[in-house]
Amino acid sequence: NNCKKLQRIGFEADSKLQSIDDYAFCESSIDSITIPSSVILIEYSSFSSCHNLQHVEFSDDSKLQNIGSYAFIHSMIKNIKIPSSVICIEDNAFYKCSKLELVEFANDSKLQKISKKSFVNTKIKRITIPASVTFIGEGAFRDCRKLKRFEIPSDSKLQTINERAFMSSSIKSIVIPSSVKEI
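Every value quoted in this text rests on a predicted model; they were computed, and no experiment measured them. (Residues numbered from 1 in each chain as written. Predicted model: local features only at pLDDT ≥ 70, side-chain atom pairs only at ≥ 80, totals over all residues. Heavy atoms only, no water.)

Q: It is not clear to me how the overall build of the protein chain should be interpreted in this structure. Could you clarify?
A: Counting secondary structure elements, the protein chain contains 0 helices and 13 strands. Starting at the N terminus and walking to the C terminus, you meet the elements of the protein chain as β-β-β-β-β-β-β-β-β-β-β-β-β. By its C-alpha atoms, the protein chain is 45 × 30 × 20 Å across when sized along the principal axes. The buried share of the protein chain, reckoned over its 183 residues, is 48%. Considering only intrachain contacts with a sequence separation of at least 6, the fraction spanning at least 24 residues in the protein chain is 38%. Side-chain charges of the protein chain comprise 25 positive and 21 negative groups, with the mean position of each set lying 8 Å from the other. (Helix = DSSP H or I, 4+ residues; strand = E, 2+ residues; numbered from the N terminus. Buried < 20%, exposed > 50% of the residue type's maximum accessible area, 1.4 Å probe, protein only. Contact = heavy atoms within 4.5 Å. Lys, Arg positive; Asp, Glu negative; His and termini not counted. Charge placed at Lys NZ, Arg CZ, Asp CG, Glu CD.)

What follows is the structure, encoded as C-alpha cells:
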C-alpha cells in the first residue's frame, strides 16, 4: 500500500465504518485523524510509519475495542486518550512513537490487556493504568527512559506483569497490588 501523498482523511458524521484494516493508511502523510465512533477495530499497521501523524482523536461515544499490533508504530503522536471501550492494546501498537509523552485512559475504561512492547521507546513520563487491566505484556514499557511514575490503582485487577515490562525506564518505586499472581 502506497499512500505517501495522502494528507487528509475525513469521514462523514454518520459513518458506519467498523474496521480500519491492515496497512490502510500506512506511510501516508496525514498529520491528524478523528476516528469515527463506529470503528471497533484498528487493525495491524493501519497507521504505521505515518511520520507526520501527531493527533489521533476518538469521540466520547467511541465503540473501539482493539488497537491492533503495530497500529501506530513510528508515528509522531504526542498524546492520546484511549477510549473507555478499548479492551486490548495489541503488541507494539505504539512502538517507537518517539514523541508520545502522554497516554490517558477514560475513567470508566474497560481495558484488560496491554500487550508486549506496546509502548517501547516512547517519552511517557507518568502513567496510571486502569483498574480493569489484568495483563501487562513483556517489555510493554521497555526503554521508556523518561517514565518515572507508573501508578496502579489500589482496586486493580492486575494479575500478570511479564518479564522486562519496565526495563530501562526511570521508575524509582512501584506498588504491586495484592491481585498480582505472576511477575
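Further notes follow.
Q: Hey, could you run me through the sheet that holds strand β7 (residues 88–89) in this one?
A: Strand pairing in a sheet is mediated by backbone hydrogen bonds. Such pairs are either parallel or antiparallel. Within the open sheet, the 7 strands sit side by side as β1-β3-β5-β7-β9-β11-β13. Their pairing is parallel. Strands with a single pairing partner mark the edges of an open sheet, and in this sheet they are β1 (19–20) and β13 (160–161). Across 2 bridges, the pairing between β1 and strand β3 (residues 41–42) is parallel. Bridge pairing in β3 places S19 opposite L41. (Pairing = 2+ DSSP bridges.)

Q: For this particular structure, what's the right way to read the side chain of S75?
A: Within the secondary structure, S75 sits in the loop between β5 (66–67) and β6 (79–82). A distance of 2.9 Å separates a polar side-chain atom of S75 from the backbone oxygen of F72. Once residues lying within four places of it in the same chain are set aside, the contact partners of S75 are F47, C50, L53, K96, C97 and S98. (Polar contact = N/O pair within 3.5 Å; in protein donor to acceptor, adjacent residues only side chain to side chain.)

Q: Can you help me understand the pattern of salt bridges in this one?
A: It is possible for side chains of opposite charge to pair when their charged atoms get near one another. Under the definition given, this model contains 8 salt bridges. The closest approach of N and O atoms between E151 and R149, which form a salt bridge, is 2.3 Å. Owing to a relative accessible area of 22%, E151 belongs among the partly exposed residues under this scheme. Salt-bridge contacts for R164 lead to E163; the nearest nitrogen and oxygen are separated by 3.2 Å. Its relative accessible area of 42% is what places R164 among the partly exposed residues. (Salt bridge = Lys/Arg side-chain N within 4 Å of Asp/Glu carboxyl O.)

Q: Looking at this structure, how should I read a nonpolar patch on the surface?
A: A cluster of nonpolar side chains, contributed by I174, I176 and I183, occupies part of the molecular surface with about 280 Å² of accessible area. Among the structural elements, I176 can be located in the segment after β13. Using a relative accessible area of 38% as the deciding quantity, one classes I176 as partly exposed. (Patch = residues over 30% accessible without salt bridge, like charges linked within 9 Å, V, L, I, M, F, W, Y side chains within 5 Å. Areas by Shrake-Rupley, 256 points an atom, 1.4 Å probe, with all protein chains shown as cover.)

Q: Is there a simple way to explain the packing of aromatic side chains in this structure?
A: Two aromatic rings, taken as a pair, are described by how far apart their centres are and by the angle between their planes. According to the stated counting rule, one finds 10 aromatic pairs in the structure shown. For the pair Y23 and Y44, a centre-to-centre distance of 5.5 Å together with 70° between the ring planes defines the contact as edge-to-face. Note that Y23 is positioned in the loop between β1 and β2 (32–35) and Y44 in the loop between β3 and β4 (55–58), a separation of 21 residues in sequence. Overall, Y23 belongs to the partly exposed group, its relative accessible area being 39%. When the ring of F119 is compared with that of F141, the centres are 5.3 Å apart and the planes differ by 10°; the resulting orientation is stacked. Of this pair, F119 sits in the loop between β9 (113–114) and β10 (126–128) while F141 is found in the loop between β11 (135–136) and β12 (149–151), placing the two residues 22 residues apart along the sequence. With respect to burial, F119 and F141 carry one shared label: buried. Members of the aromatic cluster, joined through ring pairs, are F25, F47, F72, F94, F119, F141, F150 and F166. Note that K113 overlies the ring of F135, its terminal NZ or CZ placed 5.5 Å from the centroid. (Phe/Tyr/Trp six-rings, centres within 6.5 Å; stacked < 30°, edge-to-face > 60°. Lys NZ or Arg CZ within 6 Å of the ring centre and 35° of its normal.)

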